[in-house]
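Listed below are the residues making up each chain.
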Amino acid sequence: MNYEELMLRAITKAEKYKYTAKPNPVVGAIIVNGNEIISEGYHEKYGENHAEVNAIEQAYKYKGKKFQSFSELALICTLEPCSHVGKTGSCAQFIVKTGFKQVIIGAVDPNPKVAGRGIKILEDNNIKVEIGLFDALVEKQNKFFFYKHKNKKPYITVKIASSFDGMSHINKERVFITSESSRNDVQKIRARHDAILTGGNTLRNDDPKMDTRVDFAINQAKKILLTSKPYNNELDFFNNTSVDVFKINDLNEIIDSYKNSEICSILVEAGPKLVNAFLKEEMVDELIVYTSKKILGGKGVNWFDEDNAIENYGFKLESSYKIDTDLKEIFIKDE
């Protein structure tokens, strides 16, 4: 088994923890002695041990049996070991202390708190370091994390549900536009994101929970509410989660307030007014549109004022497929 196969194995198995490690990146680590895997570790849950620590703790069980010293072993990790002390200790320092002499790294950590500092700690302690093995795959796997630190803002996704004639809802009437299958699919999108943002009108008109309802373990998203009007904080929206409330209208200021936070991605689920405000400010990175076959007619409220609005805002279609009787389209901001 070569290092390429091991790195691909670590990347693949780390994916299992994408809903419980967030907003941290998913990371995998494998310790080998020649062609023999001694142990594996993954960052399984936010705030708990990182992948390298889990792998090393497992490896200690085989010391004196499958190897005599950690200097005999190689450590493969998908992302650069952290250098700073946060909720856990410095993984780079722990690797040095353990006695490794060889570390193979997939991608350099884009977080400025790390960004090469972990590698420097290893190299300053005479550890041979190889960098860049499937780094593009590691970045793709941790798209939101890399985007946040490269662009100094969270990745913004907007989700809308539209009738066939382009309506969001009927005035002062709550109606399900899309199928149950599409609504279940939205739960998976919520599960991916670190925060969910909505506006006061949606809160008052629809009384949404906006929590993630799935049959697997996740970290529930933080909620963000934008409203300048009074609201009832006993609504379901506020249950069992942290909510940030903004009474200002400056979207750039609001999103900028998260640049130094751990929030890497925000899902906007709101009405036409707030969605269009995000689009006009050119703050949206991804737009997900569910379109049903329902026609709401003159009583409906338009999502957009003009035809082909999505293309006019500079998006390109990345994927399009059917969910039950609905059409799901994903648009990505054209670079």
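Every value quoted in this text rests on a predicted model; they were computed, and no experiment measured them.

Draft legend 1. Spatial organisation of the overall build of the protein. Assigned secondary structure in the protein consists of 12 helices and 15 strands. Based on the C-alpha atoms only, the size of the protein along its principal axes is roughly 75 × 40 × 35 Å. Of the contacts made within the protein by residues no fewer than 6 positions apart, 72% connect residues no fewer than 24 positions apart. Accessible surface, the protein: about 16,700 Å² in total, of which carbon and sulfur atoms supply 46%. Positive and negative charge centroids in the protein, built from 47 and 48 side chains respectively, lie 4 Å apart.

Draft legend 2. The state of the cysteines, seen in detail. One pass over the full model with this rule turns up zero disulfides. The closest cysteine sulfur to the non-disulfide-bonded cysteine 82 is located on cysteine 91, 3.6 Å from its own sulfur. Unpaired in this structure, cysteine 264 has its nearest cysteine sulfur neighbour in cysteine 82, at a distance of 15 Å.

Draft legend 3. How the structure looks around the sheet that holds strand S1 (residues 28-33). An order of S2-S1-S3-S4-S5 is seen for the five strands of this open sheet, with the pairing classed as mixed. Lying at the two open borders of the sheet, with one neighbouring strand each, are strand S2 (36-42) and strand S5 (128-131). The average undirected angle you get between the axes of adjacent strands in this sheet is 15°. As defined by bridge partners, strand S4 (residues 102-107) adjoins S5 across four bridges and the pair is classed as parallel. Residue pairing across strands places isoleucine 105 opposite isoleucine 131, the latter belonging to S5.

Draft legend 4. Main features of a negative patch on the surface. A contiguous patch of negative charge, built from Asp250, Glu253, Glu281 and Glu282, is present on the exposed surface. In this fold, glutamate 253 is placed in helix H10 (residues 251-256). A relative accessible area of 47% means that glutamate 253 is categorised as partly exposed.

Draft legend 5. Structural detail: the pattern of salt bridges. According to the stated counting rule, one finds 14 salt bridges in the structure shown. Here lysine 13 ties to glutamate 40 by a salt bridge, and the two come within 3.2 Å at their closest N and O atoms. Note that lysine 13 is positioned in helix H1 (residues 3-14) and glutamate 40 in strand S2, a separation of 27 residues in sequence. The partly exposed category is assigned to lysine 13, whose relative accessible area is 37%.

Draft legend 6. Representation of the pairing of strand S12 (residues 286-291). Counting buried residues along S12, six of its six residues qualify, which places the element largely inside the surrounding structure. By the alternation rule, side chains of S12 split into Glu286, Ile288 and Tyr290 and Leu287, Val289 and Thr291, which are all buried. The sheet contact formed by strand S6 (residues 155-162) and S12 spans six bridges and is parallel. Counted as the bridge partner of alanine 161 is tyrosine 290 from S12. Pairing geometry for S12 and strand S15 (residues 326-333), over six bridges, is antiparallel. Note that in S15 the partner of isoleucine 288 across the bridge is isoleucine 330.

Cut-offs and rules
Residues take numbers from 1 onward in each chain, read along the sequence in its written order. With pLDDT at 70 or above as the cut-off, local features in this predicted model cover only qualifying residues; side-chain atom pairs require 80 or more to be listed or tallied, and sums for whole chains, interfaces and linings still use all residues. Hydrogen atoms and water are omitted, and side-chain values are computed over all heavy atoms in the structure. Segments assigned H or I by DSSP are reported as helices when at least four residues long, segments assigned E as strands when at least two residues long, and all are numbered from the N terminus. Any two residues whose heavy atoms approach within 4.5 Å are treated as being in contact. In short, Shrake-Rupley with a 1.4 Å probe defines the accessible areas, and a residue's cover is counted only from the protein chains shown. Under the convention used here, Asp and Glu are negative, Lys and Arg are positive, and both His and the chain ends fall outside the count. Think of each charge as sitting on NZ of Lys, CZ of Arg, CG of Asp or CD of Glu. Two cysteine sulfurs form a disulfide in these notes if their separation is within 2.5 Å. When DSSP finds two or more bridges between two strands, those strands count as paired. Axes here refer to lines fitted to C-alpha atoms; in helices the fit is confined to the stretch in contact. Angles between the N-to-C directions go from 0 to 180 degrees. Surface patches are defined over residues having more than 30% relative accessible area and no salt bridge, joining like charges when they lie within 9 Å and nonpolar side chains (Val, Leu, Ile, Met, Phe, Trp, Tyr) when within 5 Å. A side-chain nitrogen of Lys or Arg and a carboxyl oxygen of Asp or Glu constitute a salt bridge if their distance falls within 4 Å. Exposure is judged per residue with a 1.4 Å probe applied to protein chains only, and the accessible area is read against the type maximum: over 50% gives exposed, under 20% gives buried, and values in between give partly exposed.

Geometric descriptors of this kind do not, in isolation, establish any biological role.
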